[in-house]
Amino acid sequence: MPVDLTTTFPRRFVPVGVDMDDWAQIEPLFRRLLDGTPDSPAALERWLEDISELKAALGEERTRRYVAMTCQTDDPAREQAYLDFVEHIIPRLKPMAHALDETYLRSPDRRRLPARYALFDRLVANRVVLFRPENIPLETEEAKLKQQYQKVTGAMTVQFRGMEHTLQQMAPYLEETDRATRQEAWELVVRRRLVDRDRLEGLFEQLLALRARIAQNAGCADYREFAFRELERFDYTPNDCLRFHEAVETAVVPLVRSLQASRKADLRLATLRPWDLDVDTKGRPPLRPFRTAVELVGGVEEIFRRVDPDLGQQFRFMRDHDLLDLESRKGKAPGGYQSTMHERRVPFIFMNAVGVDGDLRTLLHEGGHAFHMLAARHDPLIDYRETPMEFSEVASMAMELLAVPHLGVFYPDPNDVRRAQREALERVVLLFPWVAMIDAFQHWLYTHQGHSREERRAAWGRTFARFAPDVDFGGYEDALDALWHRQLHLFIVPFYYIEYGIAEMGALQIWRRSRVDHAAAVRQYRAALALGGTRPLPELFAAAGAEFDFTARTMGSLMRAVEEALAAIRG
Ligand SMILES: [Zn+2]
């Protein structure tokens, strides 16, 4: 069913002229909500919708300022406008939101709401149970330590070929066909990282200690238990994550080994070193699918249209309504994201396209997020217009895979099509071991309280060896020990990472189905997107035609499908 893009959502509760930057105007709206205790289930529903409306108006203000800042970082006024909102409005919202949650939980009509509120009820109850005023200062302290991590790693640069490079800017040199150049670039980066090794280890130890206190305050046995609840992981347990690690070890690692063996043979090398992993094995220059953003938008719209004509239409709507900023230019923030204009209920896509194959994947990925947002835009509850990460990444990752048969839109040469298709599938396989490694290491970290630095080093070494493909780090053991420092999630968003592995398993199941029955797979994909966050994860997966299962059984069958597809492309 096509999404109605013409619907607008006029305000009912928030007065039109309210300045969303002025706490003196915002606070009375919260007060009105807190004082106006609803006296019937219908009134309670209306009250929840009013809260959603206010949160959406505030959310849109934040997104608008964030977009403006990232599109032009060299304009100090835009940066200040965003920071003002983050520093002066957001901290005041938190206690208000908590008070509203408590008001809701006290309402006798809560139990008489229609069944569709059950999930919402679970979210609110969980938030309130975990809330501890004494954790607020600890969380502020934690935020400062996280900022220090960003500062330390953000300041890392190296001198290469007479120019200062950030570590991100060094990545393209690992694709150079000259092996000595790659090694030099790789060594420079790891040496630079090692300069701050002790500082980062110390920072991490402070974070571990703080997190243990936060968990204890909240009445949890350890930080892992706290994190699972805070991340709203209602549908799977730490044990399920351990099953996922086993599945990667038994079903993915062998395929990675065989991919590495072909790479080694193609490159005619005796051993694969860490600087041999990104270069094209046939010595070809990088793919160049487009030159201008106009070409990129036109081609991706055509791919979406071939996946499903409605999706092509939706992407065109975004283009026509200035909801895309894709081209890299001076003054733009790095990276790419999809963000939501919560009040207008439309998505916005930001990225830095320079004309490489990875840009296509980024736009297809963010496009999947955008379609998800549009599919769920009619729900009156803001909480239900959003979906947990484990499934929202299915929307984006599946779109990358559904596009694989249509990459010829960008590549007139069939050899280039095959190369782009193979790279897309190989990347999926190679993602799993790293996700498992980071996740397994986190399980160890937070269930071995008081461990020493040496014990941590040894635990990382064991975890790496368990999932690592055959890459020879000989002579660079200290670089290997500190390899996890570069994964910011460990420092900034603990435990948040396995979501990508779970979602990729869902995306692969949709892709596998699409190879047999494209129309049915896309129909189910879209039906699942339209559910937004109204269902628990197993039901969202089921609606998309996928099993919510982390075991080696599902993983093994998926890896066989990928292997077959890779063999067909090679042949
Ligand atoms: Zn994503």
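Relevant structure appears above.
The paragraphs below set out a description of the structure included in this document. (Residues numbered from 1 in each chain as written. Predicted model: local features only at pLDDT ≥ 70, side-chain atom pairs only at ≥ 80, totals over all residues. Heavy atoms only, no water.)

Here the structure, examined in full by the defined rule, presents 51 salt bridges. Between Glu187 and Arg191 there is a salt bridge, with its nearest N and O atoms 3.6 Å apart. Residue Glu187 and its partner Arg191 are located together in helix H6 (residues 179–195), separated by four residues, close to a single helical turn. By relative accessible area, which is 16% here, Glu187 ends up buried. We classify Arg191 as exposed; its relative accessible area is 52%. With a closest N to O distance of 3.3 Å, Arg319 and Asp320 form a salt bridge. Judged by its relative accessible area of 35%, Arg319 falls in the partly exposed class. You can call Asp320 partly exposed: its relative accessible area is 48%. Where salt bridges share partners, they join Asp198, Glu201, Glu205, Arg453 and Arg456 into one cluster. (Salt bridge = Lys/Arg side-chain N within 4 Å of Asp/Glu carboxyl O. Helix = DSSP H or I, 4+ residues; strand = E, 2+ residues; numbered from the N terminus. Buried < 20%, exposed > 50% of the residue type's maximum accessible area, 1.4 Å probe, protein only.)

As a volume, the second largest pocket reaches approximately 340 Å³. Looking at the lining of the second largest pocket, the elements that each hand over two or more residues are helix H11 (309–320), helix H12 (357–375) and helix H20 (518–530). Split into classes, the residues belonging to the lining of the second largest pocket amount to twelve nonpolar, four polar and six charged. (1 Å grid on protein atoms, 1.4 Å probe; cavity = no way out; pocket = protein on both sides within 12 Å on 5 of 7 lines; lining within 4 Å. Points joined across faces, edges and corners; volume = space filled by probe spheres on them. Nonpolar A, V, L, I, M, F, W, Y, C, P; charged D, E, K, R; others polar.)

Once that is clear, we can look at the side chain of Glu390. Looking at the secondary structure, you find Glu390 in helix H14 (residues 389–402). Although Glu390 is buried, it makes no salt bridge; Arg233 carries the closest opposite charge, 4.3 Å away. Sequence-distant contacts of Glu390, defined by excluding residues within four places in its chain, comprise Arg233, Tyr236, Glu499, Ile502, Ala503, Leu537 and Phe541. (Lys, Arg positive; Asp, Glu negative; His and termini not counted. Contact = heavy atoms within 4.5 Å.)

Another aspect to go through is the packing of helix H19 (residues 498–516) against H20. One can describe the packing of H19 onto H20 by two numbers: an axis separation of 6 Å at closest approach and a directional angle of 145°. Contacts between H19 and H20 involve Ile510, Arg513, Ser514 and Val516 from the former and His518, Ala520, Ala521, Gln524 and Tyr525 from the latter. When its residues are assigned to classes, the contact of H19 with H20 shows five nonpolar, three polar and one charged. (Axes fitted to C-alpha atoms, helices over the stretch in contact; angles between N-to-C directions.)

For the zinc ion, the full set of protein donor atoms is His365 (NE2), His369 (NE2), Glu393 (OE) and Glu393 (OE), and the range of their distances to it is 2.1 to 2.5 Å. Of note is the zinc ion, whose four donor atoms meet at the metal with angles of 54 to 140° in an arrangement that counts as irregular. Mapped onto the sequence, the donors of the zinc ion take the spacing H-x3-H-x23-E. Placement of the pair is His369 in helix H12 and Glu393 in helix H14, with a sequence separation of 24 residues. Residue Glu393 is classed as buried on the basis of its relative accessible area, which comes to 6%. (Donors = N, O, S within 2.8 Å, 3.2 Å for Na, K, Ca; no water. Tetrahedral: all angles 85-135°; square planar, octahedral: opposite > 155°, others 65-115°.)

Sheet topology note: the strand E1 (residues 157–160)/strand E2 (residues 163–166) ladder contains four bridges and is antiparallel. What sits directly across from Val158, in E2, is His165. In sequence, E1 turns back onto E2 through a hairpin of two residues, with Arg161 there showing a positive phi of about 50°. (Pairing = 2+ DSSP bridges.)

For strand E5 (residues 346–353), the tally of buried residues reaches eight of eight residues, placing the bulk of the element in the interior. By the alternation rule, side chains of E5 split into Val346, Phe348, Phe350 and Asn352 and Pro347, Ile349, Met351 and Ala353, which are all buried. In this sheet, E5 lies alongside strand E3 (residues 324–327) in parallel orientation, the contact comprising three bridges. Residue pairing for E5: Asp325 is matched across the bridge by Phe350. Pairing geometry for strand E4 (residues 337–341) and E5, over five bridges, is antiparallel. Residue pairing for E5: Thr340 is matched across the bridge by Pro347. Connecting E4 to the next strand, E5, in antiparallel fashion are four residues, including Arg345 with a positive phi near 60°.

Moving on to empty space enclosed by the protein. Here the structure, examined in full by the defined rule, presents one cavity of 30 Å³ or more. Within this model, the largest cavity holds a volume of roughly 110 Å³. If you go around the largest cavity, you meet 14 residues; those closest to its centre are Leu48, Ile51, Lys55, Asp101 and Phe120. When residues of the lining of the largest cavity are traced back to their parent elements, those giving at least two are helix H2 (41–71), helix H3 (76–106), helix H4 (118–130) and helix H13 (382–385).

A rise of 1.5 Å per residue sets the reference length of H6, with its 17 residues, at 24 Å; its end C-alpha atoms lie 25 Å apart and thus fit the reference within 8%. Turning to H6, its buried residues are Thr181, Arg182, Ala185, Trp186, Glu187, Val189, Val190, Arg192 and Leu194. Structurally, H6 contributes buried residues whose contacts are with E1, helix H7 (197–217) and helix H17 (477–481). (Expected span 1.5 Å × (residues − 1).)

The subject of this paragraph is the nonpolar core. Core analysis: the biggest nonpolar cluster contains 152 residues, and Phe244, Phe432 and Met555 have the highest contact counts within it. Per-element accounting of this core gives the leading share, 17 residues, to helix H15 (residues 414–447). If we skip the residues at most four places from it in the chain, Phe432 touches Phe244, Val248, Val252, Gly501, Glu504, Met505, Leu508, Met555 and Met559. Of all hydrophobic cores here, the second largest spans 32 residues; its members include Val14, Leu33, Leu93 and Tyr117. (Core = buried A, V, L, I, M, F, W, Y, C linked by side-chain atoms within 4.5 Å.)

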